[in-house]
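Structural description and commentary
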Amino acid sequence: MSTVATPRGRSSQRRTRCKCAGGGGGDRAAACCFNPLRSLFRCPGRGRGRRSRSRSRHTTPSKVRDASVAGGVEQQSEEPSFFVYAMPNQGGGDGVTADHSKKKKKKKHSKPRLPSIRSCFRGKKNKERKANAAAVVARRQALTPAPSLVTHPPHSPSTPEKTQAATPSATQPPSPAVTENGRTNSPATPNRIIPATPRPGKHSTSSASAPSPFPPQWQQPKQVEGLEIVEVATGERLSAHDVGLIEMVGSSADVSAESSVKSSLDYANDPPQQLTVSSKRKPAVVKATEPTRVWLNGNAVKGKAGERFTGPPVAGEADELWAHDIACSRVHAVMLAETSWAKRTPSATILMAAATSQSFLSPAPNPLLRPRILPVAAASTSMASSESEERKETKLWGGRFEEGVTDAVEGFTESISYDWQLYKYDIMGSKAHASMLAAQGLITAGDKDIILEGLDQIEKLIQDGKFEWRTDREDVHMNIEAALIEKVGEPAKKLHTARSRNDQIVTDLRLWCRDAIDKILFRIKQFQVSLVLLASKYVDLIVPGYTHLQRAQPVLLPHLLLSYVEQLERDAGRLVNCRERLNFCPLGACALAGTGLPIDRFKTAKDLKFTAPMKNSIDAVSDRDFVLEFLAANSIAAVHLSRIGEEWVLWASEEFGFLTPSDSVSTGSSIMPQKKNPDPMELVRGKSARVFGDLMTVLTLCKGLPQAYNRDLQEDKEPLFDSVKAVLGMLEVCTEFAQNISFNSKRIQSSLPAGYLDATTLADYLVKKGVPFRTSHEIVGRSVALCVSKNCQLAELGLDDLKSVHPVFEGDVYEYLGVENAVNKFISYGSTGSEQVKKQLEDWRTQLGISS
Ligand SMILES: N/C(=N\CCC[C@H](N)C(=O)O)N[C@@H](CC(=O)O)C(=O)O
């Protein structure tokens, strides 16, 4: 037996055999339990004959195997697989199984159909399975988290431990490790967010015994009757993503059930024991009281393709796109299977398999950018109730309370699922505070040393991914403080002297913003450098300049690129100003009124590298104007980046054809093979929307608050984090794009004659000849009209033609015509004239420290 702790409690080698009696006899070509999707979802029981095995080897890539191996998983089979929750009707006499065989007979010569999964599960009512099923059902019923509190990260690294180790600073709560017995290894699990403890009794929302206040159609999907977990084959890459349990079952008599995707977290937290890696692989049979019904993450799934999205949504789950994506793929695959084309074409099943698995082909998340957060209630499903009880603790603020908060309130009010990201700053603030308390004689030097040492250890634990985040401890402050008390005892209880979470959170946030601004400034500079280098490559390239997106005047490309650089510089300036203004220390403002204890706020401010303590304690805990300012600065930067995105997308189009992004910064089309899309810049444009939205969120959040701290302010963090993440990503991608595009000089040059770009220069010529500008404008207008009638350029008009428009024209006019001449005539400061642009370019190179 191999013990495997996989990220989401699944592993490709966890297999149960389908004892399919469904006529396939293991031959894929014959009808088996998953007929049309056999190549992807074949029955591994009877279908594991030599023939199908060898086929499988040839037809399935080895990525799952690789992923498993990479994750330290012992490989038991060469075939990657994923798991299926199938819902055979175990009743035997209810007609569904019989139905299936009847229909099978009836339709003998009609088009192939999806045979019933039930055929896979005949004759499996042995005692052992029943006992196991009962145990699993009992555990799941007791511990299933409230659906509204469950999130299902669509992907997770196949080797989260490795990722953690590689990026300790980006600590994030990883998935629970699942032990051999299927339980989550809670205490040892790195960075787990421990959920609200389920409470029996009147507040319990998760107790199976408590009657639900909701009508049946709005209740959480329960266990399905005769739930079987069977292995299906060859879900390429599936196990590398946290897709959860995929049940994909065809049924001929299928009026009620086709397939389902069950919660990966349900599974991760409560994998049936039979599914752990074992040499004795048996199907897990889970029985429950409901009629045969299959759920797609809360949506009842009906038999016909078009009916499969009916059924009530389950709060918090129904809107998860991965589930709908799978549903769509399934419907699509079944539709394909039902076509005569699919029946005739052997490769069709493979194509369908590919189409069906498309939804899992997303890259592993970057833990730096998207920490994976475990659901609030996750641990409650992974612990036996006695364990849960043991974990209950009195809140740090719990002195006056006689009963705990409900699970719903706890889940709703916690912020640890995102504010854990502040841990570094929280610890920094606590250390400065403890040192100040000691310096002021409010705690002893010994206590201070113990506190500092304890905080160091906690920081190390967090960075190593070994810290246990608990939602019942609400937020980053109480998680760290409670852990410190656990670790060092009494001295830690003195740390909160002359401090409140109100000044603590805003201190953390200011420190976080300070660093975030520094990161954005760095990225802005990187992008500026890339633009200047790009400009340096095309010093002489003239491009059409546009107003109203109509050709206007010729400009040098470097001039255009440097215009972005200028804008970015102002973006940076706004952030620098914002940083200066936010760099004042609120710590010591306490709840709102300050303290009667002799603290030294100047010392704390200095130790934390703030300019000074904030002067007014009420102001200190009240305001989030620094967040608003930061988000506003980000928004303006996002406007600029979005416009660059738009321009480059436009220029990359066939119609413009002015630039070509390299393949490394382009993406393709899933259906149109010829396409090469500039998606990164489209997304730069697109992500600006969320940056503006983040600003709007916090503006709206703050506008109605009475003075001092209000819990609403907890809502400032997610938009703030989101905005910073988006802007950092946008800048990074813009930089890479700039480094990987080439301007198509020939195409641009050949396009230059169009649009009379030199017309304004011609007007300037006439002004130099003493013609009033309004008159010269009119003369040039008539000259252009002449060109239009002759279908030629201004430079192509003969002197006689020009003189026919106005006698003021002389031979020297040709020094002004044509785009090169036109550009050379620009001499004003900041203009597109070659000398000006050359000078600007040099200045920027110096300013940005570009030497060669
Ligand atoms: N609950 C509270 N502040 C919570 C601040 C942290 C919160 N997670 C946030 O992000 O704003 N304020 C209490 C004081 C305290 O808990 O320290 C009060 O003013 O009554």
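Cut-offs and rules
- Here the residue numbers are simple positions, counted from 1 along each chain's written sequence.
- Predicted model: local features are reported for residues with pLDDT of at least 70 only, side-chain atom pairs are reported and counted for 80 or more only, and whole-chain, interface and lining totals are derived from all residues.
- No hydrogens and no water enter the side-chain calculation; it runs on all heavy atoms of the structure.
- Helix and strand definitions here come from DSSP, where helices need a minimum of 4 consecutive H or I residues and strands a minimum of 2 consecutive E residues; each element is numbered from the N-terminal end.
- Whether a residue is buried, partly exposed or exposed follows from its accessible area with a 1.4 Å probe, protein chains only, as a fraction of its type maximum: under 20%, in between, or over 50%, in that order.
- Two residues qualify as a contact provided that any one of their heavy atoms is within 4.5 Å of a heavy atom in the partner residue.
- What counts as a salt bridge is simple: a side-chain nitrogen of Lys or Arg found within 4 Å of a carboxyl oxygen of Asp or Glu.
- What pLDDT reports is the predictor's confidence in each residue, on a scale of 0 through 100.
- Among buried residues, those of type Ala, Val, Leu, Ile, Met, Phe, Trp, Tyr and Cys that are joined through side-chain atoms within 4.5 Å constitute a nonpolar core.
- To obtain each axis, a line is fitted to C-alpha atoms, and for helices this fit is confined to the stretch in contact; angles are then taken between N-to-C directions over 0 to 180 degrees.
- Each angle is binned into one of four classes, with values under 35 degrees roughly parallel, values over 145 roughly antiparallel, values of 65 to 115 roughly perpendicular, and all other values oblique.
- Whether a crossing is left-handed or right-handed is set by the direction in which the near helix is turned from the far one by less than a right angle, anticlockwise for left-handed and clockwise for right-handed.
- Residue polarity follows a fixed list, in which Ala, Val, Leu, Ile, Met, Phe, Trp, Tyr, Cys and Pro are nonpolar, Asp, Glu, Lys and Arg are charged, and the others, Gly among them, are polar.
- Being paired, for any two strands, means DSSP has found at least two bridges between them.
- Proximity is defined per residue: if any heavy atom of the residue lies within 4 Å of a molecule or strand, that residue is considered near it.
- Whenever two N or O atoms come within 3.5 Å, that pair is a polar contact, provided that in protein one can donate a hydrogen and the other can accept it, and provided that, for residues adjacent in sequence, both atoms are side-chain atoms.
- Each accessible area is a Shrake-Rupley result for a 1.4 Å probe, and residues are judged covered by the shown protein chains and nothing else.
- Residue ranges for the domains originate in an automatic or database domain assignment.
- By convention, a stacked pair of Phe, Tyr or Trp rings (six-membered ring in the case of Trp) has centres within 6.5 Å and planes under 30 degrees apart, an edge-to-face pair has planes over 60 apart, and any other such pair is tilted.
- Criterion for a charge above a ring: Arg CZ or Lys NZ at most 6 Å from the ring centre, at most 35 degrees from the ring normal.
- Two cysteine sulfurs form what is called a disulfide whenever their separation falls within 2.5 Å.
- In a helix, the anticipated span is given by 1.5 Å times the number of residues less one.

So, the overall build of the protein
Of regular secondary structure, the protein possesses 29 helices and 15 strands. Expressed as a percentage of its 852 residues, the buried residues of the protein come to 53%. Put simply, 78% of the contacts in the protein that link residues at least 6 apart link residues at least 24 apart.

Examining the pattern of salt bridges
Applying the stated criterion across every chain, the model contains 27 salt bridges. For Asp 515, the salt bridge goes to Lys 424, with nearest N and O atoms at 3.7 Å. One end of the pair, Asp 515, is in helix α17 (residues 501-537); the other, Lys 424, is in helix α14 (residues 423-439), and 91 residues separate them in sequence. Judged by relative accessible area, which is 23%, Asp 515 ranks as partly exposed. Arg 782 is the partner of Glu 778 in a salt bridge, and the nearest nitrogen-oxygen pair spans 3.1 Å. With Glu 778 and Arg 782 both in helix α26 (residues 773-790) and four residues apart, the pair spans about one turn of that helix. Residue classification places Arg 782 among the partly exposed residues on the basis of a relative accessible area of 37%.

Quick look at the confidence of the model for the protein
Averaged over every residue, the pLDDT of the protein is 71; the share at 70 or more is 56%. Counted against residues more than four places away or in other chains, residues 1-125, with its pLDDT under 50, gives 364 contacts. Across residues 345-385 the pLDDT falls below 50, and counting only partners more than four positions away or on other chains, this stretch makes 115 contacts in the model.

As for the nonpolar core
Grouped together as the largest cluster of nonpolar side chains are 105 residues, with contacts concentrated most on Trp 512, Phe 527, Phe 630, Trp 648, Leu 720 and Phe 743. Ranked by residue count, the leading element in this core is α17, at 15 residues. In this structure Phe 743 touches Leu 534, Tyr 538, Leu 541, Leu 557, Leu 561, Trp 651, Phe 658, Leu 659 and Ile 748, once residues within four positions along its chain are discounted. Membership of the second largest hydrophobic core comes to 20 residues, among which are Tyr 765, Val 771, Val 805 and Val 808.

Quick notes on unusual backbone geometry
Look at Leu 549: it is not a glycine, yet its phi comes out positive at around 60°. Looking at the element boundaries, Leu 549 is found in the loop between β10 (542-547) and β11 (550-556). The phi dihedral of Ala 708 is positive, around 80°, even though this residue is not glycine. Mapped onto the secondary structure, Ala 708 falls in the loop between α22 (679-703) and α23 (717-739).

Overview of the packing of α14 against α17
With their axes 9 Å apart at the nearest point, α14 and α17 run at an angle of 120° to one another. Relative to α17, the element α14 lies oblique. Crossing handedness for the pair α14 and α17: right-handed. Taking contact as the criterion, the partners of Lys 424, Tyr 425, Asp 426, Met 428 and Ser 430 in α14 are, on α17, Gln 504, Asp 508, Leu 511, Trp 512 and Asp 515. Residues belonging to the contact of α14 with α17 are distributed by class as follows: four nonpolar, two polar and four charged.

Things to note about the pairing of β10
Bridge count between β10 and β11: six bridges; the pairing is antiparallel. Bridged to Ile 542 within β11 is Leu 556. Between β10 and β11, which pair antiparallel one after the other, the connecting turn spans two residues, and His 548 there sits at a positive phi close to 55°.

Brief notes about the site of the ligand
Contacts to the ligand come from Ser 415, Asp 475, His 477, Ser 500, Arg 501, Asn 502, Ile 505, Tyr 709, Gln 714 and Lys 717. Note that a nitrogen atom of the ligand is positioned 3.4 Å from one of the side-chain N or O atoms of Ser 415. Between the ligand and the protein, one listed contact pairs an oxygen atom with a side-chain N or O atom of Tyr 709 at 2.5 Å. The protein chains hide 75% of the 490 Å² of surface that the ligand would expose on its own. Here the shell around the ligand is composed, by residue class, of two nonpolar, five polar and three charged. Counting contributing residues, the shell around the ligand receives three or more from each of domain 1 (406-497) and domain 2 (500-746).

A short note on the packing of aromatic side chains
Scanning the model with the defined rule gives twelve aromatic pairs in all. Where Trp 512 meets Phe 721, the ring centres are 4.7 Å apart and the plane angle is 50°; that geometry is what we call tilted. Here Trp 512, found in helix α17, pairs with Phe 721, found in helix α23; they are 209 residues apart in sequence, far enough to count as distant. Across the pair, exposure class does not vary: Trp 512 and Phe 721 are buried alike. Through successive ring pairs, a cluster of aromatic residues spans Tyr 538, Tyr 546, Trp 651, Phe 656, Phe 658 and Phe 743. Looking at Arg 510, its charged tip hangs above the ring of Phe 626, at a distance of 4.2 Å from the centre.

Points about the side chain of Ser 751
Structurally, Ser 751 can be placed in helix α24 (residues 745-751). Take Ser 751: its relative accessible area is 16%, and that puts it in the buried class. When sequence neighbours within four positions are dropped, the list of residues in contact with Ser 751 reads Pro 544, Arg 551 and Phe 658.

Quick notes on the state of the cysteines
For the coordinates displayed, the defined rule picks out zero disulfides. Left without a disulfide partner, Cys 787 is nearest to the cysteine sulfur of Cys 792, which lies 4.1 Å away. Exposure remark for Cys 787: the relative accessible area of 0% places this residue in the buried category.

What about helix α25 (residues 759-768)?
Regarding α25, the residues found buried are Ala 759, Thr 761, Leu 762, Ala 763, Tyr 765 and Leu 766. Contacts from the buried residues of α25 go to α26 and α28 (819-825). Where α25 terminates, the next one or two residues include Gly 770, which has phi positive at roughly 95°.

Looking at α22
Counted at 1.5 Å a residue, the expected span for α22 with its 25 residues is 36 Å, and the 36 Å between its end C-alpha atoms agrees. Along α22, the residues classified as buried are Pro 680, Met 681, Val 684, Ser 688, Val 691, Asp 694, Leu 695, Val 698, Leu 701 and Cys 702. Residues of α22 that are buried in the fold lie against α21 (625-651) and α23.

Notes on the packing of α17 against helix α18 (residues 557-582)
Between α17 and α18, the shortest axis-to-axis distance is 9 Å and the interhelical angle comes to 165°. Between α17 and α18, the crossing angle belongs to the class labelled roughly antiparallel. In this structure, α17 meets α18 at a crossing whose hand is left-handed.

Observations regarding the environment of Leu 728
Positionally, Leu 728 belongs in helix α23. On the basis of relative accessibility, which here comes to 13%, the residue Leu 728 falls in the buried class. Spatially, the C-alpha atom of Leu 728 lies 9.5 Å from that of Phe 522, the residues being 206 residues apart in sequence. The residues contacting Leu 728, other than those within four sequence positions of it, are Lys 519, Ile 520 and Arg 523.

Section: the side chain of Ser 500
Assignment of secondary structure puts Ser 500 in the loop between α16 (476-488) and α17. By relative accessible area, which is 11% here, Ser 500 ends up buried. Polar contacts involving the side chain of Ser 500 include one to the main-chain amide nitrogen of Asn 502, which spans 2.7 Å. Other than its neighbours up to four places away in sequence, Ser 500 contacts Cys 590 and Ala 591.

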